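Take a look at the letters that make up each chain.
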Amino acid sequence: MKLYYSPGACSLASHIALIEGGADYEKEKVDLGKHQTESGADFYEINPRGYVPAIVTEEYGLITENSAVLPFIADRTGALPTGEALYKLHEWIGFIGSEVH
C-alpha cells in the first residue's frame with residue numbers, strides 16, 4: 001500500500017497508524033499548494049479531490065478520508081477492535097474529523 005501525505009495535514013493520523021501498526025507501506029509527500037507529489041506527479045490524477053490522506057491499496061484501489069483510511073489500516077495491522085470498541089473508534093474519528101479539525 002502507498003500513503004500520500006503532507007506534513008502537518010490530517011494524513012499525520014494515518015501515517016502514525018501505519019508506523020504503530022508495523023505495516024509494510026510506501027509513502028510519498030504531497031505539496032498541497034501545488035497539488036504535486038514529491039516525484040512530480042499531478043496529485044489530482046491520483047486523488048481527484050486533491051486531499052490527503054490518500055492510500056492506494058491492492059485490494060480496493062484508492063481510499064481517502066481518515067474516516068475510511070484509519071479503519072482500513074487498523075484492519076490490515078490487526079488493531080481493528082470489535083464490539084463496543086469498534087463503535088467508540090468510529091465515534092472518535094467522527095468527532096476529531098468534524099469538531100476538532
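Residues numbered from 1 in each chain as written. Predicted model: local features only at pLDDT ≥ 70, side-chain atom pairs only at ≥ 80, totals over all residues. Heavy atoms only, no water.

> Help me out: how do you make sense of the pairing of strand 1 (residues 2-5) in this one?
Two faces make up the sheet, and in a regular strand the side chains alternate between them. In this structure, strand 1 lies alongside strand 2 (residues 26-31), joined through four bridges in parallel fashion. Within the sheet, the bridge partner assigned to K2 lies in strand 2 and is E26. Following the chain from strand 1 across helix 1 (residues 11-20) to the adjacent parallel strand 2, one finds a crossover that is right-handed. Sheet analysis places strand 1 next to strand 4 (residues 54-57), joined by three bridges and oriented antiparallel. Residue pairing for strand 4: L3 is matched across the bridge by I55. (Pairing = 2+ DSSP bridges. Helix = DSSP H or I, 4+ residues; strand = E, 2+ residues; numbered from the N terminus. Right-handed = clockwise from strand over helix to strand, strands pointing away.)

> What am I meant to see in the nonpolar core here?
Among soluble globular proteins, nonpolar side chains are generally buried collectively. Listed in full, the nine residues of the largest apolar core are L3, Y5, L18, A23, I55, I63, V69, F72 and I73. At three residues, helix 3 (residues 66-77) tops the list of elements feeding residues into this core. In this view, I55 contacts M1, K2, L3, L18, G61, L62, I63, V69 and I73; residues no more than four positions away in its chain are not counted. Among the nonpolar cores identified, the runner-up in size contains five residues, and Y4, F43, V52 and A54 belong to it. (Core = buried A, V, L, I, M, F, W, Y, C linked by side-chain atoms within 4.5 Å. Buried < 20%, exposed > 50% of the residue type's maximum accessible area, 1.4 Å probe, protein only. Contact = heavy atoms within 4.5 Å.)

> Just to check I follow, could you spell out the layout of surface pockets for this structure?
Unoccupied space between atoms shows up once a probe the size of one water molecule is rolled over them. Volume-wise, the largest pocket comes out at about 480 Å³. For the lining of the largest pocket, the secondary-structure elements that each account for two or more residues are helix 3 and helix 4 (84-100). Here the lining of the largest pocket gets five residues from one element, more than from any other, and that element is helix 4. For the lining of the largest pocket, a count of residues per class yields 12 nonpolar, four polar and one charged. (1 Å grid on protein atoms, 1.4 Å probe; cavity = no way out; pocket = protein on both sides within 12 Å on 5 of 7 lines; lining within 4 Å. Points joined across faces, edges and corners; volume = space filled by probe spheres on them. Nonpolar A, V, L, I, M, F, W, Y, C, P; charged D, E, K, R; others polar.)

> Can you help me understand helix 1 in this one?
Every α-helix winds through 3.6 residues per turn, so residues three or four apart in the chain are directed the same way. Residues of helix 1 that are buried: S11, S14, H15 and L18. Mapping the buried residues of helix 1 onto a view down its axis gives an arc of 100°, with all of them on the same face. Buried positions along helix 1 lie against strand 1, strand 2, strand 4 and helix 3. Two residues or fewer past helix 1, G22 is found with a positive phi of approximately 70°. (Arc of directions from axis to C-beta.)

> Which parts of the structure should I look at to understand unusual backbone geometry?
Following V52, the chain continues into P53 via a peptide bond in cis, with omega recorded as 5°. Topologically, P53 is positioned in the loop between helix 2 (43-46) and strand 4. For H35, which is not glycine, the phi dihedral falls at a positive 55°. Locating H35 in the fold gives a position in the loop between strand 2 and strand 3 (36-37). Phi is positive for E65, which is not a glycine, with a value near 75°. Overall, the relative accessible area of 38% leaves E65 in the partly exposed class.

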